[in-house]
Amino acid sequence: MPTVQTVLPSLTPLLPELVLAVGVMVLILYGSFRGERSVEGVNVGALLLLLLALFLVMSQPAGTKVTTLSGAFVQDAFSKVMKSLVLLGSAATILLSRDYFQRAKIDRFEFPILIVLCTIGMMVMVSANDLIALYLGLELQSLAAYVIAAFHRDDLKSTEAGLKYFVLGALSSGMLLYGASLIYGFTGTVSFPGIVSALHEDAGFGIVLGIVFVAAGVSFKMSAVPFHMWTPDVYEGSPTPVTAFFASAPKMAAVAMTVRVFIGALPDVTAIWQQIFVFVAIASMTLGSFAAIGQRNIKRLLAYSSIGNIGYALIGLAAGSEEGIRGVVIYMIIYLAMTLGAFAILLSMRRRNEMFETIEDLSGLSRTHPWLAFCLAMMMFSLAGVPPLAGFFGKFYVFAAAIKAGLVTLAVIGVVTSVVGAYYYLRVVKIMYFDEAKAPYEAMAPGLRIVLFLSSVVVILFWLLPAPLVGAAGAAAKSLF
């Protein structure tokens, strides 16, 4: 009788995900046996797990592209950079959440566990090399995120945020799945390399429809216009550390997934999807800039700011070139630092047990907390794109890529919306430095200080040493072409 040899897939590229998956199961058991006494231990354990996974991702060999699980999972320079950003965003969330949850009396061991589960899903999204792996990662991330949004069960706004996110998220998942099934139906394969070889410039109507639905699904995950409607409500309603999480790590994964799908699987039909992303980028930048002007709540302001920022990042994707993707990666690195820094300051605005979230609550901050005001001013100037701060370079790289790709009008619209957006960022600075001071806030928690310090270093000192980050982004973009 002939012997049948089974070749097991190499699990080395999956090592960071496997470490998180095994670790999270241990944390669940520990939490369920120890109950509420396990909160501190589970938080520390989750943080250590994320840092260990970050170390494993960073130590993966540079410049190599490895696929496993029959080509469904890919490890390359792009996945290395984007996974590092996802893990940093998730680890920062755990640091930001400790003090807030203790004071709000919702300090439960499930929160860090949900963050780690969400992170596993996001890492699978980043490394997905076929449509099924992509959808599995997306759903694992989404299901945990729906629970996190409604984590403050006794708060009406938080429950409403969770419900809105769940209903609209399910709709977007359905659209993405429908688009993916159309692409599979017309190409006969789910793998990205297979789709590339099956598709040519003359894509039929079915493929075009599939691309539109997939673009709609990923636009929701990135909170790009016209699928942004959940963002301001969910950002405002969720507990602030949860909002910080939604604004950071899932954005990295969603952008990485979008790049992976459209550059990795559909490079031969760029002319079709380029039009979609040009429209989405213009709509996101315009709405993000104009809608934020009337906002009084800082979380809603940052929600519209994030919609605008996704628009700028998508300029690089619309360019469809290696320079464009390099611009996207640089933009997301800088965006992560700016967002986490802004949320660290927002979370430090408390007196006794009351949190403050409106722009007016920042008045005179420069006199009561000069360093906090300085750091927030730097974050705002950077978000506005003022040189020599990091935000200027983020926009510079995507605009340069768009001009090189012949999308001059898109770049010009980007510059104009940046000028409009500068108004509401500078208004925050004006209120901090020129308005009447209010009573001082309490001292910052240690976790907030760590996040704010690291974010400020990236935002303020990027221009002194841009080479490592720009080099990593260049290598990430090169691995996709």
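Small disclaimer: the values here were computed from a predicted structure and weren't measured.

Calculation rules
- Residues numbered from 1 in each chain as written.
- Predicted model: local features only at pLDDT ≥ 70, side-chain atom pairs only at ≥ 80, totals over all residues.
- Heavy atoms only, no water.
- Helix = DSSP H or I, 4+ residues; strand = E, 2+ residues; numbered from the N terminus.
- Rg over C-alpha atoms; globule rule 2.2 N^0.38 Å.
- Buried < 20%, exposed > 50% of the residue type's maximum accessible area, 1.4 Å probe, protein only.
- Contact = heavy atoms within 4.5 Å.
- Areas by Shrake-Rupley, 256 points an atom, 1.4 Å probe, with all protein chains shown as cover.
- Lys, Arg positive; Asp, Glu negative; His and termini not counted.
- Charge placed at Lys NZ, Arg CZ, Asp CG, Glu CD.
- Salt bridge = Lys/Arg side-chain N within 4 Å of Asp/Glu carboxyl O.
- pLDDT = per-residue confidence, 0-100.
- Axes fitted to C-alpha atoms, helices over the stretch in contact; angles between N-to-C directions.
- Parallel < 35°, antiparallel > 145°, perpendicular 65-115°, else oblique.
- Left-handed = near helix turned anticlockwise from the far one by under 90°.
- Expected span 1.5 Å × (residues − 1).
- Polar contact = N/O pair within 3.5 Å; in protein donor to acceptor, adjacent residues only side chain to side chain.
- Phe/Tyr/Trp six-rings, centres within 6.5 Å; stacked < 30°, edge-to-face > 60°.
- Lys NZ or Arg CZ within 6 Å of the ring centre and 35° of its normal.
- Core = buried A, V, L, I, M, F, W, Y, C linked by side-chain atoms within 4.5 Å.
- Nonpolar A, V, L, I, M, F, W, Y, C, P; charged D, E, K, R; others polar.

**Some words on the overall build of the protein chain**
The helix and strand inventory of the protein chain stands at 20 helices and four strands. Taken over the C-alpha trace, the protein chain has a radius of gyration of 22 Å; the compact-globule value for 481 residues is 23 Å, and the two agree within 12%. For the protein chain, the proportion of its 481 residues judged to be buried stands at 60%. Within the protein chain, residue pairs in contact and separated by at least 24 positions form 80% of the contacts whose partners lie at least 6 positions apart. Only carbon and sulfur atoms are counted for the fraction: they give 71% of the accessible area of the protein chain, which is about 18600 Å². Taking the average place of the 30 positive charges on the side chains of the protein chain and the average place of its 26 negative ones, the gap between the two points comes to 5 Å.

**As for the pattern of salt bridges**
For the structure on display, the rule yields 17 salt bridges. A salt bridge links Glu442 to Arg103, with the shortest nitrogen-to-oxygen separation between them at 2.8 Å. Of the two residues, Glu442 is situated in the loop between α18 (408-434) and α19 (446-461) and Arg103 in helix α3 (residues 77-104); the sequence distance between them amounts to 339 residues. Under the relative-accessibility criterion, Arg103 is labelled partly exposed at 27%. Residues Glu236 and Arg300 are paired through a salt bridge, measuring 2.7 Å at the closest nitrogen-oxygen approach. Of this pair, Glu236 sits in helix α9 (residues 231-237) while Arg300 sits in helix α13 (residues 298-319), and the two are 64 residues apart along the sequence. For the pair Glu236 and Arg300, one class covers both residues: buried.

**Observations concerning the confidence of the model for the protein chain**
Overall, the prediction assigns the protein chain a mean pLDDT of 90, with 98% of residues at 70 or greater. Per-element confidence in the protein chain ranges from a low mean pLDDT of 81 for strand β4 (residues 354-355) to a high of 94 for helix α4 (residues 110-127).

**Description of the packing of α13 against α18**
Two elements in contact, α13 and α18, have axes separated by 11 Å at closest approach and are oriented at 160 degrees. By the criterion of interaxial angle, the relationship of α13 to α18 is roughly antiparallel. At the point where α13 passes α18, the crossing takes the left-handed sense. For the pair α13 and α18, contact is made by Leu301, Ser305, Asn309, Tyr312, Ile315 and Ala318 and by Leu410, Gly414, Thr417, Ser418, Tyr424, Tyr425 and Val428, respectively.

**Concerning α13**
A rise of 1.5 Å per residue sets the reference length of α13, with its 22 residues, at 32 Å; its end C-alpha atoms lie 32 Å apart and thus fit the reference within 8%. Counting buried residues in α13 gives 22 out of 22 residues, a clear majority hidden from the surface. Taking the backbone nitrogen of Lys299 as reference, a side-chain oxygen 2.7 Å away marks Asn297 as the first, capping residue of α13. Directly after α13, the chain includes Gly320, whose backbone phi takes a positive value near 70 degrees.

**Some remarks on the packing of aromatic side chains**
Under the counting rule described, the total for this entry stands at 23 aromatic pairs. Considering the side-chain rings of Phe392 and Phe393, the 5.3 Å spacing of their centres and the 75 degrees angle between planes classify their relative orientation as edge-to-face. A residue is classified by how much of its surface remains accessible, and Phe392, at 29% relative accessible area, is partly exposed. By the ring-pair criterion, three or more aromatic residues cluster together here, those being Tyr146, Tyr165, Phe166, Phe220, Trp230, Phe245 and Phe246. Looking at Arg108, its charged tip hangs above the ring of Phe151, at a distance of 5.8 Å from the centre.

**Details of the environment of Tyr146**
Mapping Tyr146 onto the fold places it in helix α5 (residues 131-149). Of the residues examined, Tyr146 reaches a relative accessible area of 9% and is grouped as buried. Distance in space between the C-alpha atoms of Tyr146 and Ala91 is 19 Å, their sequence separation being 55 residues. Excluding anything up to four places from it in sequence, Tyr146 contacts Gly162, Tyr165, Phe166, Gly169, Ala170 and Lys221.

**So, the nonpolar core**
Ranked by internal contacts, the top residues of the largest apolar core, which has 170 residues, are Phe262, Leu266, Phe277 and Met332. For this core, the leading source of residues is helix α14 (residues 322-347), giving 19 residues. Apart from the residues lying within four places of it in its own chain, the contact partners of Met332 are Met82, Leu85, Lys251, Met252, Val255, Ile310 and Ala313.

**Some thoughts on the packing of α14 against α19**
For the pair α14 and α19, interaxial distance at closest approach is 8 Å and the crossing angle is 145 degrees. The hand of the α14/α19 crossing is left-handed. Touching Ala337, Met338, Leu340, Gly341, Ala344, Ile345 and Leu347 of α14 are Leu448, Val451, Leu452, Ser455, Val458 and Val459, all from α19. Per-class residue counts for the contact of α14 with α19 are 11 nonpolar, two polar and no charged.

**What to know about helix α8 (residues 205-222)**
With 18 residues, α8 should reach 26 Å at 1.5 Å per residue; the first-to-last C-alpha distance of 26 Å fits that figure. Across the 18 residues of α8, 13 count as buried, placing the element largely inside the fold. With its phi angle positive at about 55 degrees, Ser223 sits one or two positions after the end of α8.

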